[in-house]
Amino acid sequence: MAGRSCLSLLLLFLLLISLVVATVAKQTYIVHMSRSQMPSTFTHHLQWYISTLQSLSRETTEEGDDEAIIYSYETAFHGFAAKLSEKEAEELETSHGVLAVLPDTVYHLHTTRSPEFLGLEPETSNNAWSSTVRDHDVIVGVLDTGIWPESPSFSDRGMGPVPARWKGACETGRGFTTKNCNKKIIGARIFYRGYEASTGAIDDKDEFKSPRDQDGHGTHTAATATGVPVSGANLLGYARGTARGMAPRARVAAYKVCWSGGCFSSDILAAVDRAVADGVDVLSISLGGGVSSYYRDSLSIAAFGAMEMGVFVACSAGNSGPDPISLTNVSPWITTVGASTMDRDFPAVVKLGNGMNITGVSLYRGRRNLVVGKQYRLVSMGSNLTTPDPRSLCLEGTLDPHLVAGKIVICDRGVSPRVQKGQVVKDAGGVGMILANTAANGEELVADAHLLPAVAVGETSGKVIKHYSSTTPRATATLTFEGTKVGIRPSPVVAAFSSRGPNLLTLEILKPDIVAPGVNILAAWSGLASPSSLSTDHRRVGFNILSGTSMSCPHVGGVAALIKASHPEWSPAAIKSALMTTAYVHDNTYRPLKDAATGEASSPYDHGAGHIHPTKAMDPGLVFDISPDDYYDFLCSQKLTPLQLKAFTKTMNRTCRRTLVTAGDLNYPAISVVFPEKNAAELTVHRTVTNVGHAVSTYHVKVSPFKGADVVVQPDTLHFSHQNQKMTFKIIFKTRKPQMEPEFGGLVWSDGVHKVRSPVVLTWLPPM
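A short tour of the structure in this document, coming up.

What counts, and at which threshold
Residues numbered from 1 in each chain as written. Predicted model: local features only at pLDDT ≥ 70, side-chain atom pairs only at ≥ 80, totals over all residues. Heavy atoms only, no water. Buried < 20%, exposed > 50% of the residue type's maximum accessible area, 1.4 Å probe, protein only. Helix = DSSP H or I, 4+ residues; strand = E, 2+ residues; numbered from the N terminus. Pairing = 2+ DSSP bridges. Disulfide = S-S within 2.5 Å. Phe/Tyr/Trp six-rings, centres within 6.5 Å; stacked < 30°, edge-to-face > 60°.

Looking now at helix α15 (residues 572-581). Among the 10 residues of α15, 10 are classified as buried, and the element is accordingly described as predominantly covered. Where α15 is concerned, the buried positions are Pro-572, Ala-573, Ala-574, Ile-575, Lys-576, Ser-577, Ala-578, Leu-579, Met-580 and Thr-581.

Now for the sheet that holds strand β11 (residues 258-259). Read across the open sheet, the four strands follow the order β11-β12-β5-β14; overall the sheet is antiparallel. If you trace the sheet from one side to the other, it starts and ends with β11 and β14 (287-288), each paired once.

A covalent bond between the sulfur atoms of two cysteines is referred to as a disulfide. Applying the stated criterion across every chain, the model contains four disulfides. Here Cys-636 connects covalently by a disulfide to Cys-656, the sulfurs 2.0 Å from one another. Handedness of the Cys-636-Cys-656 disulfide follows from its S-S torsion of about -85°: it is left-handed. Here the residue Cys-636 occupies a position in helix α18 (residues 628-636), and Cys-656 occupies one in the loop between α19 (642-645) and β32 (671-675), the gap between them amounting to 20 residues. The class for Cys-636 is buried, based on a relative accessible area of 8%. The exposure class of Cys-656 is partly exposed, given its relative accessible area of 23%. Here the bonded cysteines of the protein chain are numbered in sequence order, and their pairing is 1-2, 3-4, 5-6, 7-8. Sulfur of Cys-315: no disulfide; nearest cysteine sulfur belongs to Cys-553 and is 6.0 Å away.

A ring pair, where both rings are aromatic, is described by two values, the distance of the centres and the angle of the planes. Using the criterion set out here, one finds 21 aromatic pairs in the structure. A centroid spacing of 6.0 Å and a plane angle of 35° characterise the contact between Trp-48 and Tyr-49, whose relative ring orientation is tilted. Each member of the pair, Trp-48 as well as Tyr-49, is classed as buried. Consider the rings of Tyr-605 and Phe-744, whose centres lie 5.2 Å apart with planes at 85°: the pair is edge-to-face.

Below, the discussion takes up unusual backbone geometry. Put simply, Gly-321 and Pro-322 share a cis peptide bond, and its omega is 5°. As for its position among the elements, Pro-322 is in the loop between β15 (312-316) and β16 (335-340). Residue Pro-490 follows Arg-489 across a cis peptide bond; omega there is -5°. Here Pro-490 is to be found in the loop between β25 (485-486) and β26 (493-494). Positioned with a positive phi, Ala-239 is a non-glycine residue whose angle comes to about 60°. Tracing the backbone shows Ala-239 in strand β9 (residues 238-243). Taking relative accessible area as the criterion, Ala-239 reaches 4% and is therefore assigned buried.

Everything listed is a geometric property; what it means functionally is a separate question.
Now the structure itself:
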């Protein structure tokens with residue numbers, strides 16, 4: 001009995017200890033402060049932040065209040081990040097000058113021929129643009145996993161001195177010295193305090209606590225935006241040619257915010273804040289988290305601050321398509337980029353024993369080749385044709401070597417990485433793999449550098465192969481690989497994985513803004529990572545092929561750098577307008593852009609304004625410009641409280657001007673009209689265009705017809721007499737027959753040389 005009593009006391013003691021630990025457990029919070037409310041008794045904001053913490057009922061902690069502060073934000077965002085208990089965070093929300101207290105959140109990476117496909121390859125335009133970028137020394141900041149400085153994509157041969165205005169630094173650490181920066185890579189910084197506060201100290205033996213890119217993702221995105229031309233670039237012989245970024249003469253600054261365990265918002269904020277202070281012109285951020293209100297989205301607030309400083313911000317839309325309402329980074333001052341295909345592919349063929357040939361894709365190039373002309377036994381481990389199970393998904397430990405050895409195995413896509421499935425098949429003794437899409441991926445094909453002969457096929461083809469395998473005794477197949485082919489039709493096509501609208505945060509702001517190449521993109525790679533990123537893959541390559549909106553985002557960031565170089569006086573909104581109003585919505589077969597998920601025509605909820613057309617974006621004719629005050633008035637229309645609005649003010653002078661009747665009146669290049677109810681008879685929105693084309697010009701308007709409403713534009717002709725002249729027009733929508741589904745169309749202003757196109761979306765809300 002005595003032993004049992006001692007055990008009970010011990011358990012009670014351990015329980016009390018755990019409760020105490022839980023009570024004082026610290027996590028990182030981002031504290032957004034109102035800059036203008038700092039008391040005059042302080043000479044620096046950091047003093048105010050420390051004093052604010054000292055005023056709390058601080059629970060027992062090993063750190064002092066100054067040590068508890070992880071970051072102090074001063075440029076694009078104002079406030080600090082600190083380790084706090086939940087109780088302290090709640091108390092802090094009521095402190096003087098505190099606008100919001102936000103928990104640190106994890107963001108995720110949104111994982112060549114594209115210059116030629118985008119019309120940037122001809123020497124005439126390429127040389128002119130390169131000279132323009134050199135003359136204006138445009139700087140692109142890339143927030144990602146770091147950079148591999150030895151890649152030839154970052155050679156500084158022929159580049160002039162680092163711009164005198166640059167205030168950045170080349171931070172050093174294991175595997176990275178000041179010599180790794182040059183006149184191309186002019187800045188390299190790391191941000192890890194938020195990450196370490198949540199996950200523990202980074203083991204510098206396993207992971208480079210320096211700007212060096214161990215993962216490869218950051219090197220790939222930086223090279224896509226700014227890489228210099230490298231002839232003979234390829235991945236295992238595929239996609240051979242000259243690889244170059246969108247703005248090869250631009251400078252690049254790498255801000256490493258992502259580590260093996262993720263990317264934390266406190267670190268991302270610190271990087272944006274520092275990048276703006278350093279002097280970047282463009283930020284490319286291939287990261288995303290969830291969607292929250294504007295005033296609670298720390299990246300949105302930081303991007304607002306960057307925009308105020310004249311910095312163009314491009315962010316990836318996310319890889320959660322084709323589900324609707326799957327977008328991230330939806331703020332109107334951010335350029336949100338979806339992904340599309342190019343006209344290059346890597347075909348591979350599955351030849352079944354019944355003589356049927358099925359085309360898929362693959363980047364396999366290895367020594368484990370199948371014997372030419374030989375048919376191999378084909379096996380599918382799934383229990384049926386519709387519902388995947390662990391065996392059909394080829395998850396680790398699910399394949400019986402006695403059943404798959406020496407055979408080609410059919411594996412369903414999903415749950416585990418695509419290339420890892422091939423490793424599972426290989427480990428079980430299989431000689432090849434057919435990777436079949438399920439309904440979640442449809443007919444979209446993404447090529448991979450597999451570890452054994454493998455071909456990816458669409459959902460329909462997968463069903464055909466499975467049916468043959470299950471109904472034919474001793475079914476057989478063989479796999480052949482056809483290398484690289486260009487001129488694929490139709491292209492571009494909206495990628496199935498690309499995240500979709502509508503933007504439920506504000507239906508009047510159409511998202512994504514545009515799409516750009518994001519499927520099978522060749523760019524520089526880390527010397528430490530395999531092309532598959534699997535630890536069991538010992539291959540090393542200088543270039544890799546990746547897919548994702550992570551790849552489409554730096555395409556837009558790089559093109560924005562080109563436009564900024566040619567038009568240094570343009571605002572971020574003007575650059576965004578140029579990209580959107582010159583985008584195209586038809587493929588190379590002259591049909592509407594298709595959606596890879598359905599094979600049908602895509603909509604503005606899928607492709608935004610359309611696919612970028614860089615050469616036309618350089619000379620858009622007219623732009624829809626938006627000032628920081630205009631964006632602030634947009635926020636005023638979003639029913640934010642005065643305290644919530646302070647998240648976007650840096651002085652006490654900014655107030656709501658009430659210039660927007662509705663959010664739809666923001667001078668956005670896209671027009672999304674929301675009728676509040678079915679019986680709404682008429683709705684009017686206003687726009688203002690600035691002439692950046694010929695000084696004397698006349699534009700006429702055309703509007704596509706709608707079933708649900710008649711559209712009248714007043715005036716329908718715009719006469720300009722000089723450059724930078726502004727003219728306002730209104731668009732009147734008169735309900736004719738309310739529609740159950742949104743309607744899509746376009747409005748085009750043309751002077752015979754330029755076509756300035758705005759996508760138009762009409763939505764009737766159901767009665768409450």
